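# Structural description and commentary
If you want the building blocks of each chain, they are given just below.
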Amino acid sequence: MALAADVGLIILTSLWLMLPAYLANMLPVLVGGGTPIDMGRTWKDGKRILGDGKTWRGLLVGPLLAAALTFFLQWLVDNTAWGRSYGFPGWGPSPWWFVLAYMMGLGALAGDALESFIKRRTGRDRGEKWFPWDQLDFIIGSLALGVLTGAILAATGATSGNHFLAVFTGPRLLVIVLLTPGLHLLVNWIGYKLGLKSVPW
Ligand code: CTP
Ligand code: MG
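A short tour of the structure in this document, coming up. From a predicted model like this one, the values you see are computed outputs, not experimental measurements.

### Remarks on the coordination of the magnesium ion (ligand 2)
- Taken together, Asp112 (OD), Glu115 (OE) and Asp137 (OD) make up the full set of protein donors to the magnesium ion (ligand 2), lying 2.2 to 2.7 Å away.
- Accessibility expressed as a relative area gives 14% for Asp112, which makes it buried.
- Residue classification places Asp137 among the buried residues on the basis of a relative accessible area of 6%.

Here you go:
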């Protein structure tokens, strides 16, 4: 029983910690659109550099809104008995949690844009399915910028030690990589059923 509770808490805290990335990746479906990042330009192969699915509005507003929402999550960690008694981790001391959450969101969308670039180069159209990279692109980008930001905040003395590495432990990273693809497919299927997305993946 105790083991099951421990595993359950590791899973919950892992998904909790990734919320800035999950939110940043989901929000552009609602707030994105408009001018594409590649401005409609094509690459040497005659295909779009990124495509119409990667827009400036999504890239700029997604991470900012995700970090703003993390304010509430960090507040819960710092101020509720629930946050303290279950040991729910946060994104660092104020105001640096905002920087880490924002960079995790930006990393998510940068990873997603990089995936679109590779998708176009390998002849896949916008919205075409590419498992498991559609599901993992934003995780890779978010974790990469997260660890880098944690290192910079530690090196400048803003935080004592790399807060990112302190909370994103090995078991949690494993949970994130294993569970995110399924969650991503589920959320996208719901988005499709709600009429927010044109494809169910
Ligand atoms: N989106 C956006 N700006 C971004 C990223 C995403 O506006 N920087 C919006 C777009 O409306 C996009 C939707 O979020 O269609 C879902 O993103 P994603 O599934 O990654 O894009 P796809 O349309 O599937 O395109 P691609 O094949 O390039 O991944
Ligand atoms: Mg993608």
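### Structural notes on helix H5 (residues 96-121)
- An ideal rise of 1.5 Å per residue puts 38 Å on 26 residues; H5 measures up with 37 Å between its terminal C-alpha atoms.
- Looking at the residues trailing H5, positive phi occurs at Gly123, about 80°.

### What to know about the site of ligand 1
- Near ligand 1, the surroundings consist of 17 residues, among which Lys54, Thr55, Ser116, Arg126 and Gly127 are the closest.
- One nitrogen or oxygen atom from the side chain of Ser116 is found 2.6 Å from an oxygen atom belonging to ligand 1.
- Protein chains shield 85% of the accessible area of ligand 1, which is 580 Å² for the free molecule.
- Judged by the proximity of its atoms to the pocket grid, ligand 1 belongs to the largest pocket.
- When contributions to the shell around ligand 1 are tallied by element, the ones reaching two or more residues are helix H2 (19-31), helix H3 (56-79) and H5.
- Top contributing element to the shell around ligand 1 by residue count: H5, with four residues.
- Per-class residue counts for the shell around ligand 1 are three nonpolar, seven polar and seven charged.

### Description of the layout of surface pockets
- A volume near 1200 Å³ is recorded for the largest pocket.
- Together, 42 residues line the largest pocket, and Asn25, Val29, Lys54, Asn188 and Lys197 are the ones closest to its centre.
- Elements represented by at least two residues in the lining of the largest pocket include exactly H2, H3, H5, helix H6 (133-155) and helix H8 (170-193).
- Grouping the amino acids of the lining of the largest pocket by side-chain chemistry returns 17 nonpolar, 14 polar and 11 charged.
- Considering only enclosed or pocket space, the second largest pocket measures out at about 170 Å³ in volume.
- If you list the elements that add at least two residues to the lining of the second largest pocket, you get H5 and H6.
- The element contributing the most residues to the lining of the second largest pocket is H5, with six residues.
- Classifying every residue of the lining of the second largest pocket gives six nonpolar, three polar and two charged.

The rules behind the values
- Residues numbered from 1 in each chain as written.
- Chains lettered and ligands numbered in written order.
- Predicted model: local features only at pLDDT ≥ 70, side-chain atom pairs only at ≥ 80, totals over all residues.
- Heavy atoms only, no water.
- Donors = N, O, S within 2.8 Å, 3.2 Å for Na, K, Ca; no water.
- Buried < 20%, exposed > 50% of the residue type's maximum accessible area, 1.4 Å probe, protein only.
- Helix = DSSP H or I, 4+ residues; strand = E, 2+ residues; numbered from the N terminus.
- Expected span 1.5 Å × (residues − 1).
- Near = heavy atom within 4 Å.
- Polar contact = N/O pair within 3.5 Å; in protein donor to acceptor, adjacent residues only side chain to side chain.
- Areas by Shrake-Rupley, 256 points an atom, 1.4 Å probe, with all protein chains shown as cover.
- 1 Å grid on protein atoms, 1.4 Å probe; cavity = no way out; pocket = protein on both sides within 12 Å on 5 of 7 lines; lining within 4 Å.
- Sits in = over half its atoms within 2 Å of the grid points.
- Nonpolar A, V, L, I, M, F, W, Y, C, P; charged D, E, K, R; others polar.
- Points joined across faces, edges and corners; volume = space filled by probe spheres on them.

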